[in-house]
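What follows is the residue order along each chain.
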Amino acid sequence: MEKIKSAAEALVKGNLVAFPTETVWGLGADAENADAVAKIYKVKQRPSDHPLIVHISSSEEISQWAIDIPEYARELAKAFWPGPMTLILKGSDIAKDFITGGQPTVGLRVPDHPTALELLREFQKLGGRGISAPSANRFGKVSTTSAEDVRDEIGAELSDQDIILDGETPRVGIESTIIDCTKSFPAILRPGAITPEMIHDQLRLELGTDEKDIRVSGSHKSHYAPAAKVVLEGEAKPGDGFIALSSIPTPSGVVRLCSPEDVYEYAKELYAALRKADQLGLARVVAIPPEGEGIALAIRDRLERASRG
Ligand code: TXA
Ligand code: MG
């Protein structure tokens, strides 16, 4: 609690705060402070034309950051916030170029995690209106799902005034679903735990559920990649890392990195498993992607990108 108050104060002073969300850890800065936001790009070594998601504490704050909000976007916000969903909307005048990467749109999200929400509320009490936060990892690398992973990943780049908050393990484990809400129909830009089926059921609008209909944000095909080579096809050889549902037996001689019981556990454990491969110095990881729709689609998206690393 006291720790969260100090973290909110650190944000006001223009410092960085890494904080847990229900998806992954975010690396946060005051979304209205250009110098603070510049630190995020520096720490992550991220190209400056890559926009950042602004985290807000409730859907009421949408209209501070966005204009021309379609009815369907309000409905999505009402149904799935707080939660693992980011809405891309036309930005208001407080959504500056240093947040949007020079685009006319802004990404907004209300995270569903006690620490993140508490931080947002404390920050708001001090006059803050939004916390811009990408995933707390170096650009192109695997996202972090524990405070310890954040320290390993970017700790050396942070200053003494920056803070890494501890907290509950993210219940989802992969990044939010990103939905473009700037057209007459919503379009998924990055698949996540809010699935095409859920969006369709909520809005009763047709949405592509086919993987090829899903445009994934960012021009970089490779992402979420560990140092180990990730392979999605072929036999696992002795000495390889192995990631698969628990129903799939472990090939002999491989290092089993996780054994999730179902697709939800798969999403939750995936990034820690990829990091473990690097900690163990493995050269290669064989991952068997889960089949089916829903969050399995998002897991396959992350695995495919990791395999292009
Ligand atoms: O679950 C999440 O979304 C996590 C947690 C920390 O909230 N954040 C996250 O941020 O994954 P990041 O920066 O690693 O990925 C955000 C993606 C980027 O690919 C970025 O290009 C896209 O969102 N994005 C952000 N604002 C956008 C905008 N205005 N238009 C299009 N894409 C946008
Ligand atoms: Mg990221």
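A brief look at the structure comes next. These figures come from a predicted structure and were not determined experimentally.

With that settled, the discussion passes to the site of ligand 1. Taken together, the neighbourhood of ligand 1 is formed by 22 residues, with Thr23, His55, Ser135, Ser176 and Arg190 sitting nearest. Take arginine 46: an N or O atom from its side chain is 2.9 Å from an oxygen atom of ligand 1. Between serine 176 and ligand 1, the recorded distance is 2.6 Å, taken from a side-chain N or O atom to an oxygen atom. Contact with the protein chains removes 93% of the 680 Å² of surface that ligand 1 exposes when unbound. Among the elements of the structure, β3 (53-55) and β6 (105-109) are those that each provide at least two residues to the shell around ligand 1. Ranked by residues supplied to the shell around ligand 1, first place goes to β6 with four residues.

This part covers helix α6 (residues 114-125). Taking 1.5 Å per residue, 12 residues should reach 16 Å; α6 reaches 17 Å between its end C-alpha atoms and fits that length. For α6, every residue scored as buried is listed here: Thr115, Ala116, Leu117, Leu119, Leu120, Glu122 and Phe123. Looking at the buried positions of α6, the neighbouring elements they touch are α1 (2-12), β1 (17-19), β2 (26-30), β3 and β7 (131-132). One or two positions beyond α6, positive phi appears at glycine 127, with a value near 100°.

This part covers the pairing of strand β9 (residues 177-180). Side-chain alternation along β9 places Thr177 and Ile179 on one buried face and Ile178 and Asp180 on a second face that is also buried. In the sheet, strand β5 (residues 85-91) pairs with β9 via four bridges, with the strands oriented parallel. Bridge pairing in β9 places isoleucine 88 opposite aspartate 180. Note: β9 against strand β10 (residues 187-190), three bridges, orientation antiparallel. Its bridge partner being in β10, isoleucine 179 is matched across the sheet by isoleucine 188.

Evaluated as defined, the whole model comprises 14 salt bridges. Where lysine 90 meets aspartate 68, a salt bridge forms, and the shortest distance between an N and an O atom there is 2.9 Å. Of this pair, lysine 90 sits in strand β5 while aspartate 68 sits in the loop between β4 (66-67) and α4 (71-80), placing them 22 residues apart in sequence. The partly exposed category is assigned to lysine 90, whose relative accessible area is 40%. Classification of aspartate 68 as exposed rests on a relative accessible area of 54%.

What follows deals with the packing of aromatic side chains. Following the criterion strictly, the structure yields one aromatic pair and no others. Residues tyrosine 224 and tyrosine 271 carry aromatic rings whose centres are separated by 6.2 Å and whose planes lie at 15° to one another, so their mutual orientation is stacked. With tyrosine 224 in the loop between α8 (196-203) and β11 (229-231) and tyrosine 271 in helix α9 (residues 263-279), this residue pair connects regions lying 47 residues apart in the sequence. Each member of the pair tyrosine 224 and tyrosine 271 is classed as buried.

All right, on to the packing of α4 against α8 then. At a minimum axis separation of 10 Å, α4 and α8 run at an interaxial angle of 115°. Comparing their axes, α8 and α4 come out roughly perpendicular. Crossing handedness for the pair α4 and α8: right-handed. Contact residues: Tyr72, Glu75, Leu76, Ala79 and Phe80 in α4; Met198, Ile199, Gln202 and Leu203 in α8. Here the contact of α4 with α8 is built from residues that sort into seven nonpolar, one polar and one charged.

Here we have four strands laid out as an open sheet, ordered β11-β14-β12-β13, and parallel in their pairing. Looking at which strands have only one partner, the edges of the open sheet turn out to be β11 and β13 (255-258). Strand-to-strand twist in this sheet, taken as the mean axis angle between neighbours without regard to direction, amounts to 30°. Direction of pairing for strand β12 (residues 241-243) relative to β13: parallel, over a ladder of three bridges. Across the sheet, glycine 241 pairs through a bridge with valine 255, a residue of β13. α9 contacts β11, β12, β13 and β14 (284-287) of the sheet and is inclined by roughly 135° relative to β13.

Here we come to empty space enclosed by the protein. Scanning all chains against the criterion turns up one cavity of 30 Å³ or more. Approximately 30 Å³ is the volume found for the largest cavity. The wall of the largest cavity is formed by His55, Ile56, Ser57, Glu61, Leu120, Phe123, Gln124, Gly128, Arg129 and Gly130. Broken down by element, the residue count for the lining of the largest cavity peaks at three residues, all from α6. In terms of residue class, the lining of the largest cavity is built from three nonpolar, five polar and two charged.

Reading guide: rules and limits
- Residues numbered from 1 in each chain as written.
- Chains lettered and ligands numbered in written order.
- Predicted model: local features only at pLDDT ≥ 70, side-chain atom pairs only at ≥ 80, totals over all residues.
- Heavy atoms only, no water.
- Near = heavy atom within 4 Å.
- Polar contact = N/O pair within 3.5 Å; in protein donor to acceptor, adjacent residues only side chain to side chain.
- Areas by Shrake-Rupley, 256 points an atom, 1.4 Å probe, with all protein chains shown as cover.
- Helix = DSSP H or I, 4+ residues; strand = E, 2+ residues; numbered from the N terminus.
- Expected span 1.5 Å × (residues − 1).
- Buried < 20%, exposed > 50% of the residue type's maximum accessible area, 1.4 Å probe, protein only.
- Contact = heavy atoms within 4.5 Å.
- Pairing = 2+ DSSP bridges.
- Salt bridge = Lys/Arg side-chain N within 4 Å of Asp/Glu carboxyl O.
- Phe/Tyr/Trp six-rings, centres within 6.5 Å; stacked < 30°, edge-to-face > 60°.
- Axes fitted to C-alpha atoms, helices over the stretch in contact; angles between N-to-C directions.
- Parallel < 35°, antiparallel > 145°, perpendicular 65-115°, else oblique.
- Left-handed = near helix turned anticlockwise from the far one by under 90°.
- Nonpolar A, V, L, I, M, F, W, Y, C, P; charged D, E, K, R; others polar.
- 1 Å grid on protein atoms, 1.4 Å probe; cavity = no way out; pocket = protein on both sides within 12 Å on 5 of 7 lines; lining within 4 Å.
- Points joined across faces, edges and corners; volume = space filled by probe spheres on them.

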